[in-house]
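Geometric and topological summary
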Amino acid sequence: MESAAGGKGLELVESQSDGVAIVEPRGRIDSMTAGLFGARVAELIRSGSHHLVIDFAEVLYITSAGFRSLLIAGRLIDEFKGKLVLCRMSTEIRRLFEIGGFSDLFEICATRDDGVRKASWP
Amino acid sequence: MVEITILNRRSELGRVVTLLERFGAEHHLAPQLVIDMQIALDEVLSNVTQYAHPDNAEHSIHVRLRMIDGVLEAQIEDDGVLFNPLLAPLPDLRARLRDRHVGGLGIEFVRKLMDDVTYERTGERNRLVLRLRSES
C-alpha cells in the first residue's frame, strides 16, 4: 500500500495503550484498500486484540467497501465478547457514518483517550 | 474536460482518484467536493468492475470530468450489462450490527452525496452522469 502522503492508498499505524490495540488508518478506505484494512483488523482480533480502537483522525474518506470491513470487524469482536470503539472522526467522516446509518451501530468517541477507556471496559 | 479510459479491474480505480485530485486542484475545488465525488466514483466504478461484465473479459470504462456552470460533472460509460443504479433497492439502514448488510449501500452513498444523478442506456452502453454543485 502506498502512503497517504503520496496522495493514494492507505497506511495503517498500530499501537497499544493499557491493553487496548489501536489502529490508525491514514488515507483512503475505499474499494482498493478496504480489503487489506479489513484483513489486518480481523487478524488483530483473531490473534487476541479483543479490545480495539480505530482512530479516524487521518482518514480522508471511507466508502461502502470500508463500512463492510468495519461491520465484519464489529461482528468478529462481538463473537469474542470484546469491544470495538471508533474515535476522532472529522465532520466529513461523521457525515458518511450518518448517511450510511452506521452512527448507532458503533461506539464513537471524540478523543483517543476516551476511546481507549471505553474499549478497555468489558 | 478531462477524460480517462480504464480497464474493468479494481486496480485501475487509482488512476481515476489521481485524475480527479489533479482536476480538483486545477479548478480550485473545495476538498469536500472532491472527496464526495471520489466516493461516488469509487462506488460506481467498483460496481462496474465487479458486476457489469459476466464474461470476465477485458472491457474499457470511460470516465469524463468537467466543470459546467459551477457544477462538477462526472460521466461514466461502460459496455456492461444493463444496470440502472437509480432503480436499485434501498438498503435497510435501521438493521442492527448482526443483521446489517452493505448491499446497496454504495448506491445509497451515490444518491445522497450527489446533487443529481442521471442514467441512460444507449444501444449496448450504460451512461451514468453524476453532478455536484461547486458553490454551496
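Note that the structure is a prediction, hence the values are computed from the model and not measured.

Observations regarding the confidence of the model for chain B
- The predicted model of chain B has a mean per-residue pLDDT of 92, with 99% of residues at 70 or higher.
- Confidence metrics for the complex model read pTM 0.91 and ipTM 0.90.

Comments concerning the pairing of strand β5 (residues 125-133) of chain B
Residues and elements named next belong to chain B.
- As judged from the 8 bridges shared by strand β3 (residues 71-78) and β5, these two strands associate in the antiparallel manner. Directly across from Val-71, in β5, lies its bridge partner Arg-133.
- In this sheet, β5 lies alongside strand β4 (residues 116-122) in antiparallel orientation, the contact comprising 7 bridges. Along β5, the bridge assignment pairs Arg-121 with Asn-126.

Quick word on the packing of helix α1 (residues 13-26) of chain B against helix α2 (residues 31-51) of chain B
Residue and element names in this part refer to chain B.
- At their nearest, the axes of α1 and α2 sit 10 Å apart, and the two run at 155° to each other. The orientation of α1 relative to α2 falls into the category roughly antiparallel. The chirality of how α1 crosses α2 is right-handed. Between α1 and α2, the residues in contact are Leu-13, Val-16, Val-17, Leu-20, Glu-21 and Gly-24 and Val-34, Met-37, Gln-38, Leu-41, Asp-42, Leu-45 and Ser-46, respectively.

Criteria and thresholds
- Residues numbered from 1 in each chain as written.
- Chains lettered and ligands numbered in written order.
- Predicted model: local features only at pLDDT ≥ 70, side-chain atom pairs only at ≥ 80, totals over all residues.
- pLDDT = per-residue confidence, 0-100.
- Pairing = 2+ DSSP bridges.
- Helix = DSSP H or I, 4+ residues; strand = E, 2+ residues; numbered from the N terminus.
- Axes fitted to C-alpha atoms, helices over the stretch in contact; angles between N-to-C directions.
- Parallel < 35°, antiparallel > 145°, perpendicular 65-115°, else oblique.
- Left-handed = near helix turned anticlockwise from the far one by under 90°.
- Contact = placed C-beta atoms within 7 Å.

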